[in-house]
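# Summary of structural features
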2 protein chains.
Amino acid sequence: MIYTNATKEELQAELTKLKTEYEKYKVLGLKLDMSRGKPCAEQMDLSEGLLTVVSKNAECISEEGLDVRNYGGLDGLIEMKRFFAGIMNVPTEMIFVGGVSSLRMMYDAYARNMMFGVGDGMEPWSKAPHKFLCPSPGYDRHFAISQSMGAELITVPMRKDGPDMDTVERLVKDDPAIKGIWCVPKYSNPTGITFSEETVRRLVSMETAAKDFRIFWDNAYGIHDLYEESDPLAEIFTLAREYGNEDRVYEFCSFAKITYSGGNVSAMAMSPRNRAYARKFLSKQFICNDKVNQLRHARFFGDFEGLKAHMRAHADILRPKFEAVLRTFEEQLTPCGIGSWSSPRGGYFISLDLPNGTAKHTYWLCADLGVVLTPAGATFPYGIDPNDSNLRIAPSFPSAEEMRSAAEVLCLCAKIAAIEKLLEK
Amino acid sequence: MIYTNATKEELQAELTKLKTEYEKYKVLGLKLDMSRGKPCAEQMDLSEGLLTVVSKNAECISEEGLDVRNYGGLDGLIEMKRFFAGIMNVPTEMIFVGGVSSLRMMYDAYARNMMFGVGDGMEPWSKAPHKFLCPSPGYDRHFAISQSMGAELITVPMRKDGPDMDTVERLVKDDPAIKGIWCVPKYSNPTGITFSEETVRRLVSMETAAKDFRIFWDNAYGIHDLYEESDPLAEIFTLAREYGNEDRVYEFCSFAKITYSGGNVSAMAMSPRNRAYARKFLSKQFICNDKVNQLRHARFFGDFEGLKAHMRAHADILRPKFEAVLRTFEEQLTPCGIGSWSSPRGGYFISLDLPNGTAKHTYWLCADLGVVLTPAGATFPYGIDPNDSNLRIAPSFPSAEEMRSAAEVLCLCAKIAAIEKLLEK
C-alpha cells in the first residue's frame, strides 16, 4: 500500500497494525546504537599485529635513521608519509603527519586562520565576522568547529555529485565574509556520494570574493570501499593547480577507520606555500607527533598493497551490514512509497530521507524502543533540518543481525510517523 | 690564577697556553651535542616493555570497560589519570589527559584564551595587545609560544627560589595587559632551582590588574630527581584555593622524559571551573587522544611505586653526566675565579653564568670545536641575554665520558673568552 494513495481508513487500519507491532518490540528491550560512525570490535581486531610490530629497542630506528622514541621529526616519518601520499594521491612533500585525530588537524588549521590568517600578511579570520559553507546533510563535527569559532553557518544543499555548485558559486562570488567550505568528497558523510570531477573543478576554479577562501577537504573515506570497484575521485590539487588555486585547498585523512579510532595517525596535505606557512606555527605548538605509532603503522602494512588488502578485510565485515539495512529499506519502505536513501559504495553512512516533518518523530519512536540513531537534524547546521526529513544511519558498530533488527525497527517507526503525519492533514 | 687579579702579562701568557690547547682539540674533530634536553638512547631503552605490554586484542579493555582502540574517552583513562594525579599531587578529577606533547597542551590552552578568553563572558586575549612574564633564564619554547601569539615578552629575573617576586608583584599589580607568567617550578629549565613555598604562595595570592591572569605551571620535572631526596615543591592548587584563586593556575606535565619523548602521554590539571570551560572547546577539537598508548603506560608501570623505580633507573644514567660536568667546572673554572653555576638535584639542565659579555663568544668557540650548546641568549625573551653571560648545558644526551670532554672544551673556551674580554679593557 502506497501511503499517499491510501484512504484515511486504510491508513488508520495500517497504523493500528503497526502500533501492535511496536508494542511487541517494546518488550524486547533492544539496545542498538546506530548513532556514530564507529568501527566495530571485529574491525579493530584486524589490527592486532599493530600492537607488537615494533617490539624491541633495536627496532625503533626509522628508515632515515631517526630514533623514533626520541624528539625530532616535526613533519612525520617518510615511511608514513608514503602511505598518506598513496591515499590522497599527492606527492609526499605535501604531507604533514599528525597525531591520533584528523579532526584536530582541521580544528587547528581553522584556528590558525582565525588567529594568524591564511598566509603572510593576510588578516586573521577573527578580525571580522565570517561565514562558512556547510553542504547538508553533512558532518556535524565539521559544522561544530565553524560554530565554535563564531562563524555563521550557511546551508548548501547536497546533490548526487556534491554540493549544489550553482548555489556555492553564487554565494562566494559576492560575499568576502564567506571564508570556506566543508567537504567530505568521497563516500560523503552522510549521503555516501562522491563528488564528480566537474564539482571538484568548479570548487577550485570558482571566483571567490574572499582572497583567503579555503576548502577543507576531509578525505576521510578515500580508501574505504565496500566493493572491488572504487568511486573515482578527481585529485583536487592537480585541478587546483590548473587554475593557480592550489593554496585554496587543505586535504585531510587518517587511519581512524583503518586501524584504531582511539590510536591512529592522521595527515594533512597542503600546497608548498601553505605548508611552509603552517610549519612556522606547528613548530611552536609541539616538537613532534607520536613517531613510534607512525613506525608501527608503516611496518604493520609494509606497503600500499598491504594496506589495500587490510581495507578489503574491513569491507568484508562492513558490506553485510550495509546490505542488511538497504535490503530492509527496500522490503519495508518501498512498498509503502516512503523514503529515499543512498546506496553508498563505501564510507560509513547511509542517508535516509523520509517524508517531510517525520524525521524527528521517527528518531524518538526508535529511541523509545532502544534503537539509537544520530539525532535528527544533526547533519544540518545548528542541528536544524529545515524539512525535518533526514536521518543518518551508521551501520558499522552493531552486528549484521543487529543491523537488520535495527533497520526493521527504524522502518516500522518511519511508517508510523509517516501515517500519523498524513492523518494530521 | 684568579683572572681578575692577574696582570696583563700573566693573562697574555695564559691565553697563549689555552690557545695551544684549543688547537689540539681542533684536530680531534669532536661532535658533541649538549644543546637540547633530549634523553639518551639508554634512557629510552628502559621502556622497552612499553612496546609490548598491550599485545593482544583482548587486552585492549580499560579498567572502566572501554575498548581503548575505539572512539570515546575525551578526558583519558582513569588508570592514566591516577599516575598524573600522583605526579602533580592533585585529585584525578582535575586531570585532562593529552597526547604526545605537553607543549601542545600549553599552546592550545594559550590559543583558547586568545580566541575565546579564559572563561565564559571573558574577553579573548587577542582583543587587545597583551604581555607575558618570562622569568629568565627560562625555557625558550615557552617564550616562543607567547611571541607567536603576539605578546610582548617581559623579562623577570630568576632567583634561587623562583622568579623575583618583588618584580612580578609590582608589574602585575598595575598592568591589566599582563595576562600570565611561564613557570617551570621544579628543577627549573635551565637554572635547576625549585620554587620556594613562599614564591608559590606569592604567585597565587598576589593582586593582578588582569582579572584573566593565568599561571602556566609547567611541572615538567616533577619526579625527575637525580638523588634520593627530592626538592620539595608546594602544591600550587592547594595554596591557590586558600586565596580563592584556583582558576589562576594551569598545571602541565608529561611522560616525555619518563618513557618516549616521541611517543608519550601528557596531562593538564585545572580547577573544576577551568576544566568544564576547556572541555567545551576540547570536545570540538577531537574525539579522544591515544587511549591505546595511555593503557600501555598505565600497564607498564603498574602503580606509582613502579613509576618511581623507573625514575631511579633514569637517575642512575643521568647522575654521572651531571656530576662529570659539575666536577669539570669545579676543577677548571673555580681556580680561575670565573663562572658560577647551578648544582641541580634533578631536571635536565645546568645553568652556567660566565663573566658578562662572554657567553656568545664562548658558544662560538665551542661550536668551532664541534661542541654544540644551546645558543647563547636562547634562554631569554627574544633570544637576547642582556648581560651576554648565561649558557644552558644539557648533559643528558651524550655519554658521561663525552660530557666530561664537552665540559672540558666548554671550560677552555670560557677561559679564552674571559681573558680576551679582560684584555680588551
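## Observations regarding the overall build of chain A
- When its secondary structure is counted, chain A shows 13 helices and 13 strands.
- In terms of overall size, chain A behaves like a compact globule, its C-alpha atoms giving a radius of gyration of 23 Å where 425 residues would be expected to give roughly 22 Å.
- Overall, the C-alpha framework of chain A stretches about 75 × 55 × 35 Å when taken along its three principal axes.
- A total of 425 residues make up chain A; the buried ones form 63% of that total.
- Across chain A, the fraction of contacts at a sequence separation of at least 24, relative to all contacts at a separation of at least 6, is 76%.
- Element-wise, carbon and sulfur atoms account for 51% of the exposed surface of chain A, whose accessible area totals about 15700 Å².

## Considerations on the environment of D75 of chain A
All names here are of chain A.
- Mapped onto the elements, D75 comes out in the loop between α2 (41-45) and α3 (78-88).
- Here D75 falls in the buried class, since its relative accessible area comes to 12%.
- Note: C-alpha distance between D75 and L318 (243 residues apart in sequence) is 33 Å.
- Filtering out sequence-adjacent residues up to four positions away, D75 remains in contact with K81, F96, V97, R275 and R279.
- A distance of 2.4 Å separates a polar atom in the side chain of D75 from a polar atom in the side chain of R275.

## Considering the sheet that holds strand β2 (residues 95-97) of chain A
All names here are of chain A.
- The strand order across the open sheet built from 8 strands is β2-β9-β8-β7-β6-β3-β4-β5, with neighbouring strands paired in mixed fashion. Every other strand in the sheet has two partners, leaving β2 and β5 (162-163) as the edge strands with one partner each.
- As defined by bridge partners, strand β3 (residues 131-136) adjoins strand β6 (residues 178-183) across 3 bridges and the pair is classed as parallel. Bridge assignment links L133 to a residue of β6, and that residue is I181.
- Across the face of the sheet, helix α7 (residues 197-205) comes into contact with β5, β6, β7 (214-218) and β8 (249-254) while running at roughly 145 degrees to β7.

## Remarks on the relation of the copies chain A and chain B
- Superposition record for chain A on chain B: RMSD 0.1 Å, screw rotation 180 degrees, translation along axis 0.0 Å. Both copies are brought into coincidence by an operation consistent with a two-fold rotation axis. Measuring from the rotation axis to each C-alpha of chain A, the shortest distance belongs to T52 of chain A, at 2.8 Å.
- A high fraction, 100%, of the interface residues of chain A reappear at the interface in chain B, so the copies pair face to face through one surface.

## Examining the pattern of salt bridges
- Tallied over the entire structure, the rule returns 52 salt bridges over all chains.
- The residue K179 of chain B makes a salt bridge to D212 of chain B at a minimum N-O spacing of 2.8 Å. Of the two residues, K179 of chain B is situated in strand β6 (residues 178-183) and D212 of chain B in the loop between α7 (197-205) and β7 (214-218); the sequence distance between them amounts to 33 residues.
- Assessed through its relative accessible area of 13%, K179 of chain B is described here as buried.
- Since its relative accessible area comes to 6%, D212 of chain B is described here as buried.
- We note a salt bridge from K421 of chain B to E424 of chain B, for which the minimum N-O separation is 3.8 Å. Remark: E424 of chain B and K421 of chain B occur in helix α13 (residues 400-424); sequence separation between them is 3 residues, near one turn of the helix.
- You can call K421 of chain B partly exposed: its relative accessible area is 28%.
- Judged by its relative accessible area of 60%, E424 of chain B is exposed.
- Connected through salt bridges with shared partners, the residues D75, K81, R275 and R279 of chain A form a single ionic network.

## Some details on unusual backbone geometry
- A cis amide bond, omega 5 degrees, links S136 of chain B with the succeeding residue P137 of chain B.
- One can find P137 of chain B in the loop between β3 (131-136) and α5 (140-148).
- Cis geometry is found at the peptide bond from N189 of chain B to P190 of chain B, where omega equals 5 degrees.
- With respect to the helices and strands, P190 of chain B occurs in the loop between β6 and α7.
- Not every positive phi belongs to a glycine, and Y187 of chain A is a case in point at roughly 45 degrees.
- With respect to the element layout, Y187 of chain A can be found in the loop between β6 and α7.
- Residues other than glycine seldom take positive phi values, yet N89 of chain B does so here, at roughly 65 degrees.

## Some remarks on the pairing of strand β13 (residues 390-393) of chain A
Residues and elements named next belong to chain A.
- Burial of the side chains of β13 extends over both faces: N390 and R392 are buried on one face and L391 and I393 on the other.
- With 4 bridges connecting them, strand β11 (residues 350-353) and β13 associate as antiparallel partners. In the strand pairing of β13, S351 is matched with R392.

## Topic: the sheet that holds strand β11 (residues 350-353) of chain B
Residue and element names in this part refer to chain B.
- In spatial order, the strands read β10-β11-β13; together these 3 strands make up an open sheet with antiparallel pairing. The sheet is open, and its two borders are formed by β10 (340-341) and β13 (390-393), each paired with just one other strand.
- Relative to β11, β10 runs antiparallel, the two being bridged by 2 bridges. Counterpart to S340 in the pairing with β11 is D353.

## With respect to the packing of aromatic side chains
- Going through the model one piece at a time under the given rule, you end up with 44 aromatic pairs over all chains.
- A centroid spacing of 5.3 Å and a plane angle of 90 degrees characterise the contact between Y110 of chain A and W125 of chain A, whose relative ring orientation is edge-to-face. On the criterion of sequence distance, the pair formed by Y110 of chain A in helix α4 (residues 102-116) and W125 of chain A in the loop between α4 and β3 is long-range, its members being 15 residues apart.
- Given the relative accessible area of 0%, Y110 of chain A is considered buried.
- An angle of 50 degrees between the planes, with centres 5.7 Å apart, marks the rings of F132 of chain B and W182 of chain B as tilted. Of this pair, F132 of chain B sits in strand β3 while W182 of chain B sits in strand β6, and the two are 50 residues apart along the sequence.
- Residue F132 of chain B is classed as buried on the basis of its relative accessible area of 0%.
- Here the aromatic residues Y110, W125, F132, W182, F216, Y250 and F252 of chain A are joined through ring pairs into a cluster of three or more.

## Let's talk about the pairing of strand β8 (residues 249-254) of chain B
Residues and elements named next belong to chain B.
- Counting buried residues along β8, 6 of its 6 residues qualify, which places the element largely inside the surrounding structure.
- Taken together, the 4 bridges between β7 and β8 define a ladder with parallel strand orientation. Residue pairing in the sheet places I215 in a bridge with V249 of β8.
- Handedness of the crossover joining β7 and β8 through helix α8 (residues 236-242) is recorded here as right-handed.

## Remarks on the interface of chain A and chain B
- Contacts between chain A and chain B engage 55 residues on the former and 55 residues on the latter.
- D45 of chain B serves as the salt-bridge partner of R69 of chain A, at 2.7 Å between the closest nitrogen and oxygen.
- Run the count over chain A and chain B and you get 24 residue pairs in polar contact (both at pLDDT 80 or more).
- The set of elements that each furnish at least two residues to the side of chain A that touches chain B consists of α2, α4, α5 (140-148), α9 (272-285) and α10 (291-301) of chain A.
- By residue number, the principal contributor to the side of chain A that touches chain B is α4 of chain A, which donates 8 residues.
- A class-by-class count of the residues in the side of chain A that touches chain B yields 27 nonpolar, 14 polar and 14 charged.

## A look at the packing of helix α1 (residues 8-28) of chain A against helix α13 (residues 400-424) of chain A
Residues and elements named next belong to chain A.
- For the pair α1 and α13, the least separation of the axes is 10 Å and the interaxial angle reads 145 degrees. In the packing of α1 onto α13, the handedness of the crossing is left-handed. Across from K8, L11, Q12, E14, L15, L18, K19, E21, Y22 and Y25 in α1, the residues of α13 making contact are E408, V409, L412, C413, K415, I416, I419, E420, L422 and L423.
- The residue makeup of the contact of α1 with α13, split by class, is 12 nonpolar, 1 polar and 7 charged.

## Comments concerning the packing of α9 of chain A against helix α4 (residues 102-116) of chain B
- Two numbers describe how α9 of chain A lies on α4 of chain B: the axes approach to 8 Å, and their chain directions differ by 115 degrees. Looking at the two axes, α9 of chain A sits roughly perpendicular to α4 of chain B. Along the contact surface, α9 of chain A presents F281, K284 and Q285 of chain A, while α4 of chain B presents L103, R104, Y107 and D108 of chain B.

## Let's talk about the nonpolar core
- One finds Y110 and F216 of chain A together with Y110 and F216 of chain B to be the most contacted residues of the largest nonpolar core, which totals 69 residues.
- The contact partners of F216 of chain B, leaving out residues within four places of it in the chain, are M106, A109, Y110, N113, W125, F132, I181, W182, C183, Y250 and F252 of chain B.
- In terms of nonpolar packing, the next biggest core, distinct from the first, is built from 57 residues, M80, M94, I154 and V156 of chain A among them.

## Some thoughts on the state of the cysteines
- Per the stated rule, a full pass over the model turns up 0 disulfides over all chains.
- Note on C288 of chain A: no disulfide assigned, nearest cysteine sulfur contributed by C60 of chain A at a separation of 13 Å.

Calculation rules
- Residues numbered from 1 in each chain as written.
- Chains lettered and ligands numbered in written order.
- Predicted model: local features only at pLDDT ≥ 70, side-chain atom pairs only at ≥ 80, totals over all residues.
- Heavy atoms only, no water.
- Helix = DSSP H or I, 4+ residues; strand = E, 2+ residues; numbered from the N terminus.
- Rg over C-alpha atoms; globule rule 2.2 N^0.38 Å.
- Buried < 20%, exposed > 50% of the residue type's maximum accessible area, 1.4 Å probe, protein only.
- Contact = heavy atoms within 4.5 Å.
- Areas by Shrake-Rupley, 256 points an atom, 1.4 Å probe, with all protein chains shown as cover.
- Polar contact = N/O pair within 3.5 Å; in protein donor to acceptor, adjacent residues only side chain to side chain.
- Pairing = 2+ DSSP bridges.
- Axes fitted to C-alpha atoms, helices over the stretch in contact; angles between N-to-C directions.
- Least-squares fit on C-alpha atoms with pLDDT ≥ 70 in both.
- Salt bridge = Lys/Arg side-chain N within 4 Å of Asp/Glu carboxyl O.
- Phe/Tyr/Trp six-rings, centres within 6.5 Å; stacked < 30°, edge-to-face > 60°.
- Right-handed = clockwise from strand over helix to strand, strands pointing away.
- Nonpolar A, V, L, I, M, F, W, Y, C, P; charged D, E, K, R; others polar.
- Left-handed = near helix turned anticlockwise from the far one by under 90°.
- Parallel < 35°, antiparallel > 145°, perpendicular 65-115°, else oblique.
- Core = buried A, V, L, I, M, F, W, Y, C linked by side-chain atoms within 4.5 Å.
- Disulfide = S-S within 2.5 Å.

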